[in-house]
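Commentary on secondary and tertiary structure
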Amino acid sequence: MTRSGSGRASVRERRFGAARSVGARLGPNGWRRVRLWGLLGVCVLAIVGAVAWFTPVLSVRTVKIEGVVAVPEQQVRELLEIPSGRSMLRIDTTAIARRVASIPKVRSARVQRVFPSTVRVTVVERTPVLFFDSPQGAHLLDAESVEFAIEDAPIGVPKLVTDHPASDAPVTRAAVAVLAALPPALVVQVDEVVARSISDVSLNLKDGRTVLWGGMNDAERKSAVVLPLLTRPGTVFDVSSPNLVTVK
């Protein structure tokens with residue numbers, strides 16, 4: 001036998017000897033006590049689990065709703081559907097979050113258990129970045145081009161001007177994407193986004209000036225040159241070809 005083989009055999013012998021020594025010290029009665037305590041431990045855990053699952057010991061007593069401004073809190077509470085006395089362990093946080101997120105003005109929802117008795121619901125609302133008019137009113141669009149409400153547009157939200165506005169229309173998505181690419185200092189100056197096609201988007205500013213943006217190509221370069229360009233005298237600022245900008 002090699003040295004390594006002898007070493008492994010020696011290790012096995014020592015382990016076996018140690019186990020046999022422990023067994024000898026415990027004796028038959030000792031092993032019975034070990035098994036008994038193990039069985040008692042399993043029973044205790046089962047009882048504690050049953051108490052927590054089926055009794056009001058860990059029932060929901062408080063529901064905290066955070067992040068709601070435009071969405072009525074009562075509307076969120078009605079969708080929670082948490083029965084009185086329901087154990088914290090028995091609530092389906094994923095299903096609750098899905099129901100809350102079904103509210104059109106809600107972008108996402110997160111539901112958490114805060115033991116011993118609180119459920120926390122955190123809501124992220126959709127924020128309008130653009131709107132278009134119709135006979136029904138102003139259609140609000142968020143940064144993902146999702147239409148989530150028909151109501152008065154908040155002050156400062158630009159208007160979309162296009163022939164056939166719709167949240168899923170390519171030209172509408174292009175206008176939203178252009179707005180998202182603008183420097184924040186320019187976004188606050190925009191009054192209207194005029195989209196004739198996905199490659200022909202322009203910005204009417206609140207002071208009467210116009211920025212010809214073009215499409216989404218070279219958006220980073222356009223964002224870098226547009227603000228310095230707007231410091232020049234003029235009314236029409238063309239950055240559709242950012243390497244050859246013009247002012248009229």
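Here's a quick rundown of the structure. Just so it is clear, the structure is predicted and the values come from calculations on it, not from any experiment.

Conventions we followed
- Residues numbered from 1 in each chain as written.
- Predicted model: local features only at pLDDT ≥ 70, side-chain atom pairs only at ≥ 80, totals over all residues.
- Heavy atoms only, no water.
- Helix = DSSP H or I, 4+ residues; strand = E, 2+ residues; numbered from the N terminus.
- Buried < 20%, exposed > 50% of the residue type's maximum accessible area, 1.4 Å probe, protein only.
- Contact = heavy atoms within 4.5 Å.
- Areas by Shrake-Rupley, 256 points an atom, 1.4 Å probe, with all protein chains shown as cover.
- Pairing = 2+ DSSP bridges.
- Axes fitted to C-alpha atoms, helices over the stretch in contact; angles between N-to-C directions.
- Salt bridge = Lys/Arg side-chain N within 4 Å of Asp/Glu carboxyl O.
- Core = buried A, V, L, I, M, F, W, Y, C linked by side-chain atoms within 4.5 Å.
- Expected span 1.5 Å × (residues − 1).
- Parallel < 35°, antiparallel > 145°, perpendicular 65-115°, else oblique.
- Left-handed = near helix turned anticlockwise from the far one by under 90°.
- Nonpolar A, V, L, I, M, F, W, Y, C, P; charged D, E, K, R; others polar.

This next bit is on the overall build of the protein chain. Looking only at helices and strands, the protein chain has six helices and twelve strands in total. Residues classed as buried in the protein chain amount to 33% of the 248 residues present. Considering only contacts in the protein chain between residues 6 or more positions apart, those separated by 24 or more positions represent 44%. Here the protein chain has roughly 15000 Å² of accessible surface; of this, 58% comes from carbon and sulfur atoms.

Read from one edge to the other, the open sheet built from three strands follows the order β1-β3-β2, with strand pairing classed as mixed. Among the strands making up the open sheet, the edge pair consists of β1 (62-66) and β2 (106-114). Pairwise comparison of adjacent strand axes, ignoring direction, gives a mean angle of 15 degrees for this sheet. Here β2 runs beside strand β3 (residues 118-125); their pairing, made up of eight bridges, is antiparallel. Paired with Q112 across the bridge in β3 is R120. Along the sheet face, helix α2 (residues 73-80) touches β1 and β3 and points at about 130 degrees away from the line of β1. Its contacts with the sheet place helix α3 (residues 93-101) against β2 and β3, and it is angled at close to 150 degrees to β2.

The two faces of β1 differ: V63 and I65 on one face are buried, but T62, K64 and E66 on the other face are not. Pairing between β1 and β3: five bridges, direction parallel. Residue pairing across strands places K64 opposite R120, the latter belonging to β3.

Turning to helix α6 (residues 219-229), its buried residues number three or more, namely A219, K222, S223, V225, V226 and L229. Check the buried side of α6 and you find it contacts α4 (170-181), α5 (184-187), β10 (210-214), β11 (236-238) and β12 (246-247).

Attention now goes to the pattern of salt bridges. Taken as a whole, this structure holds ten salt bridges when the rule is applied. With its nearest N and O atoms 3.3 Å apart, the salt bridge here joins D133 to K159. With a gap of 26 residues between them, D133 in strand β4 (residues 130-134) and K159 in strand β7 (residues 159-161) connect regions that are remote in the sequence. Judged by its relative accessible area of 42%, D133 is partly exposed.

Counting residues in hydrophobic clusters, the biggest one holds 26 residues, and the most contacted among them are L182, V193, L203 and V211. Among the elements of the structure, β4, α4, β8 (190-197), β9 (200-205), β10 and α6 are those that each provide at least two residues to this core. Broken down by element, this core gets its largest block of residues, five residues, from α4. Once residues within four sequence positions are removed from consideration, L203 is found in contact with V178, L182, L186, V190, E192, V193, R209, T210, V211 and W213. Counting 18 residues, the second largest nonpolar core, distinct from the first, contains V63, I65, V76 and V123.

This next bit is on the environment of R196. Tracing the chain through its elements places R196 in strand β8. Apart from residues lying up to four places away in sequence, R196 is in contact with V171 and S202.

For α4, with twelve residues, the first-to-last C-alpha span of 16 Å sits near the 16 Å given by 1.5 Å per residue. Taken residue by residue, α4 has V171, T172, A174, A175, V176, V178 and L179 as its buried positions.

Okay, the packing of α2 against α3 next. The contact between α2 and α3 brings their axes to 9 Å, and the two run at 140 degrees. In terms of orientation, α2 and α3 fall into the oblique class. Here α2 runs over α3; the crossing is right-handed. Facing V76, L79 and L80 of α2, the residues of α3 in contact are I96, R99 and V100. Of the residues contributing to the contact of α2 with α3, the split by class is five nonpolar, no polar and one charged.

This next bit is on the side chain of D142. Tracing the sequence through the fold places D142 in the loop between β5 (137-141) and β6 (147-150). Dropping the residues within four chain positions of it, D142 is found in contact with R126, T127, V129, F148 and V176.

On to the side chain of T172, then. Looking at the element boundaries, T172 is found in helix α4. Of the residues examined, T172 reaches a relative accessible area of 0% and is grouped as buried. For T172, the residues in contact, after removing those within four places along its chain, are L141, S145, L160, P165, A166 and S167.

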